[in-house]
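Fold and geometry: a report
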Amino acid sequence: MKNIYLDDSIAAVSTPIGSGGISIIRISGRDSVEVADKIFISADGKKLADKKSHTISYGHIVDPKTGETIDEVLISLMLSPRTYTKEDVVEINCHGGMLVTNRVLELVFNNGARAAEPGEFTKRAFLNGRIDLSQAEAVMDIIESKTELSRRAAMDQLGGSLKKKIGALREEILDMTAAIEAAIDYPEHDVEEETRDEMKRRITSLRAELKKLIDSAGTGRIIREGVEAVILGRPNVGKSSLLNYLLMEDRAIVTDIPGTTRDTVEEYMNMGGVPVRIVDTAGIRETGDAVEMIGVDKSRKRAENADIIFMMLDGSESLTPEDREILEFIRGKKALVIINKTDAAKMIEKTELLDYTDEKNIFYVSVKEESGLDELKERFREMFIGGDIDVKESALVTNARHKNMLAKADEALERAFNTAESGMPEDFISMDLQDALAALGEITGESVDGEIIDRIFTRFCLGK
């Protein structure tokens, strides 16, 4: 990890650069109040150093070298430890716009602060003990959340749900380690067999708790990152119309001419609370057109790697050999079969499709008439979320790094159980428990490598 001098002061713009009502320049560190006092003239004539914490002062930013007034501002004063970083924090609320914001920021740098690195304010909150590493990562998840559900999950993690769960697991492992040490230090009590049986029982209970967290990662990943859904079918069955309906805009060209879509068309959307990257693909058919052939090949590749396939059929016509080829392709995959154009006719029966998928995954719709699509959306949500989720019911793992560390902890506990059962010396059990403890500590930051910490915070934007 890079050297972080927590006794210096850092500054950055915490609002998007550009035209706007205000820009906020955040300063944090031991000298932040002194830095601000060098360039701020309060309307009441008082220095910020003489004001109470968590107050707002009106005045002007003035260049101390030239006496030029740069902007009319409000300054928020927040003194340690009741701040985001647990350091003294000053926030300058100036007018929006690149020119005035950069002039104020330049004065801040020229009078004692340095430029903050990406995520350094949150990094200081972590290093100063206000939050653990899982909560720091939740800050970025809140900023990047794409749905209300992902925001709630991130807020719950920021509130400490995962921290508390991991803390309880670590306490149990520490208690077990202490029990083993006691058995080793006092062998005259002859409690080894009792200790081993108790260890195995407690390890089994711990692994059950870990399994719940690991199993939640599938749902957590979808809530955090979303799913990729590919619309697949032969030409002119209504794929682009479905895309436009779901996006509520004319994103894809819709015509009666087969093969209009030659390449994939991708957009992000919110579908029943699930963030979705939806991909419209070229119609799959035999073609002599070289460009269309490339599009068909890309369609197949995207469908192979998709989280779910929306396979569309023209319900006004009987199944064609091309339809059956695509149905064979989706066999065994996570897919919803959509029989479109049922406003015109109903030439396809669900029974014809049961060899390829379950009846609950087959839907009659008319994209033109906007009928049958609510049921489709609800089934999609059920497949990925499993009904309504209250993210506060229990800790939800939304981060791949956390899942990996939980798996490592579980592997270490499995080794500890096998060691206890094999009759090996108890200090070997203790070594396995220490490995589990270290893996869990990497989630909260208690035993994480410095390079990993740096990598995590470089994902953050400047000013956060």
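What this report covers is the structure whose coordinates are included nearby. Owing to the predicted nature of the structure, the values given are computational and were not obtained by experimental measurement. Per-chain numbering applies: the sequence of each chain, read as written, is numbered from 1 onward. Confidence filtering applies because this is a predicted model: local features only for residues at pLDDT of at least 70, side-chain atom pairs given and counted only at 80 or more, and all residues used for totals across whole chains, interfaces and linings. Hydrogen atoms and water are omitted, and side-chain values are computed over all heavy atoms in the structure.

**Quick look at the overall build of the protein chain**
Note the cut-off: Helix and strand labels come from DSSP, where a helix needs a run of H or I of at least four residues and a strand needs a run of E of at least two; each type is numbered from the N terminus. Buried residues are those whose accessible area, probed at 1.4 Å on protein chains only, stays under 20% of the maximum for their type, while exposed residues exceed 50% and partly exposed ones sit between those limits. In this analysis, two residues are considered to be in contact whenever any of their non-hydrogen atoms come within 4.5 Å of each other. For every accessible area listed, the method is Shrake-Rupley and the probe measures 1.4 Å; residues are considered covered only by the protein chains on display.
Scanning the protein chain for helices and strands turns up 14 helices and 13 strands. Taking all 464 residues of the protein chain together, 50% fall into the buried category. In the protein chain, the proportion of contacts linking residues at least 24 apart, taken out of those at least 6 apart, comes to 68%. For the protein chain, the accessible surface area stands at approximately 22,200 Å², while carbon and sulfur atoms represent 49% of it.

**Some points on the sheet that holds strand 6 (residues 89-95)**
The test is simple: By the convention used here, strands pair only if DSSP detects at least 2 bridges between them. Orientation is described by lines fitted to C-alpha atoms, with helices fitted over the stretch in contact, and by angles between N-to-C directions that extend from 0 to 180 degrees.
Sheet architecture is open: 7 strands sit in the order 3-4-5-6-2-1-7, paired in mixed fashion. At either end of the open sheet lies a strand with only one pairing partner, and these are strand 3 (40-42) and strand 7 (114-115). Packing of helix 3 (residues 120-127) onto the sheet brings it into contact with strand 1 (10-13), strand 2 (22-28) and strand 7, and relative to strand 1 it is tilted by some 140 degrees.

**Some words on the nonpolar core**
For the record, the criterion: Note on terminology: a nonpolar core comprises buried Ala, Val, Leu, Ile, Met, Phe, Trp, Tyr and Cys residues joined through side-chain atoms within 4.5 Å.
Counting residues in hydrophobic clusters, the biggest one holds 29 residues, and the most contacted among them are L242, V276, I278, F310 and F380. In this structure I278 touches A229, I231, L243, L246, L247, V265, E266, E267, M269 and F310, once residues within four positions along its chain are discounted. Counting 28 residues, the second-largest nonpolar core is a separate cluster that includes L169, L210, I214 and V397.

**Thoughts on the packing of helix 12 (residues 400-422) against helix 13 (residues 426-444)**
Short version of the rule: Working rule for angles: under 35 degrees goes down as roughly parallel, over 145 as roughly antiparallel, 65 to 115 as roughly perpendicular, anything else as oblique.
For the pair helix 12 and helix 13, the least separation of the axes is 8 Å and the interaxial angle reads 170 degrees. Compared by their axis directions, helix 12 and helix 13 come out roughly antiparallel. Contacts from R401, H402, M405, L406, K408, A409, A412, L413, R415, A416, T419 and A420 in helix 12 reach F428, I429, D432, L433, D435, A436, A439, L440, E442 and I443 in helix 13.

**Focus on helix 13**
The test is simple: How far a helix is expected to stretch is found by multiplying one less than its residue total by 1.5 Å.
Across its 19 residues, helix 13 extends 28 Å between first and last C-alpha, which sits within 8% of the 27 Å expected from 1.5 Å per residue. Within the sequence span of helix 13, burial applies to E426, I429, S430, D432, L433, A436, L437, A439, L440, G441, I443 and T444. With its phi angle positive at about 100 degrees, G445 sits one or two positions after the end of helix 13.

**A closer look at the pairing of strand 2**
Along any regular strand the residues' side chains alternate between the sheet's two faces. Extensive coverage of strand 2 is indicated by the burial of 6 of its 7 residues. Bridge analysis of strand 1 against strand 2 gives 4 bridges, and the strand direction is antiparallel. Bridge assignment links V13 to a residue of strand 2, and that residue is I25.

**Describing the pattern of salt bridges**
Keep this limit in mind: When a carboxyl oxygen of Asp or Glu lies within 4 Å of a side-chain nitrogen of Lys or Arg, that pair is called a salt bridge.
Enumeration over the complete set of coordinates arrives at 27 salt bridges. R302 serves as the salt-bridge partner of E228, at 3.1 Å between the closest nitrogen and oxygen. Here E228 is found in strand 8 (residues 227-232), whereas its partner R302 is found in helix 9 (residues 290-305), with 74 residues between them in sequence. Among the residues examined, E228 registers a relative accessible area of 18% and is labelled buried. A salt bridge links R234 to D323; the nearest nitrogen and oxygen atoms lie 2.8 Å apart. Of this pair, R234 sits in the loop between strand 8 and helix 8 (239-247) while D323 sits in helix 10 (residues 321-330), and the two are 89 residues apart along the sequence. The pair formed by R234 and D323 is uniform in burial state, with each residue classed as buried. Linked through salt bridges whose partners overlap, the residues forming this network are D8, E87, R114, E120 and R124.

**As for the packing of aromatic side chains**
Here is the rule we go by: Aromatic contacts are taken between Phe, Tyr and Trp rings whose centres are within 6.5 Å, Trp giving its six-membered ring; a plane angle under 30 degrees counts as stacked, one over 60 as edge-to-face, and the others as tilted.
Counted under the stated rule, the structure contains 2 aromatic pairs. Taking 6.0 Å as the distance between ring centres and 65 degrees as the angle between the ring planes, the aromatic pair formed by F310 and F380 counts as edge-to-face. Of this pair, F310 sits in strand 11 (residues 308-314) while F380 sits in helix 11 (residues 373-385), and the two are 70 residues apart along the sequence. For the pair formed by F310 and F380, the shared burial category is buried.

**Considering helix 4 (residues 133-144)**
Look at helix 4: 17 Å from first C-alpha to last across 12 residues, which is about the 16 Å you get at 1.5 Å a residue. Buried residues dominate helix 4, accounting for 9 of its 12 residues.

**A closer look at the packing of helix 4 against helix 13**
Formally: Lys, Arg, Asp and Glu make up the charged group, whereas Ala, Val, Leu, Ile, Met, Phe, Trp, Tyr, Cys and Pro make up the nonpolar group; the residues left over, Gly among them, are polar.
Where helix 4 meets helix 13, the axes come as close as 5 Å, and the angle between the chain directions of the two elements is 40 degrees. For the pair formed by helix 4 and helix 13, the contact residues are L133, S134 and E137 on the first element and E442, I443 and T444 on the second. Its residues placed into classes, the contact of helix 4 with helix 13 shows 2 nonpolar, 2 polar and 2 charged.

**Overview of the sheet that holds strand 9 (residues 265-271)**
One open sheet accounts for 6 strands, arranged 9-10-8-11-12-13; its pairing is mixed. With one partner strand each, in any of the chains shown, strand 9 and strand 13 (362-364) form the two edges of the open sheet. Here the strands of the sheet are splayed against their neighbours by 25 degrees on average, with no regard to which way each runs. In terms of strand pairing, strand 11 meets strand 12 (residues 335-340) through 6 bridges, oriented parallel. Each residue of the ladder has a partner; that of F310, found in strand 12, is L336. Seen against the sheet, helix 10 touches strand 8, strand 11 and strand 12 and runs at an angle of roughly 160 degrees to strand 11.

**What to know about the side chain of E120**
Put simply, the rule reads: Polar contacts here mean pairs of N or O atoms no more than 3.5 Å apart (in protein, one a potential hydrogen donor and the other a potential acceptor; neighbouring residues in sequence count only if both atoms are side-chain atoms).
Among the secondary structure elements, E120 is positioned in helix 3. Within the structure, the side chain of E120 is placed 2.9 Å from the backbone nitrogen of E117, a separation counted as a polar contact.

**Let's talk about the environment of K123**
Mapping K123 onto the fold places it in helix 3. Here K123 falls in the buried class, since its relative accessible area comes to 4%. When the C-alpha atoms of K123 and T458 are compared, they prove to be 9.8 Å apart, with 335 residues separating the residues in sequence.

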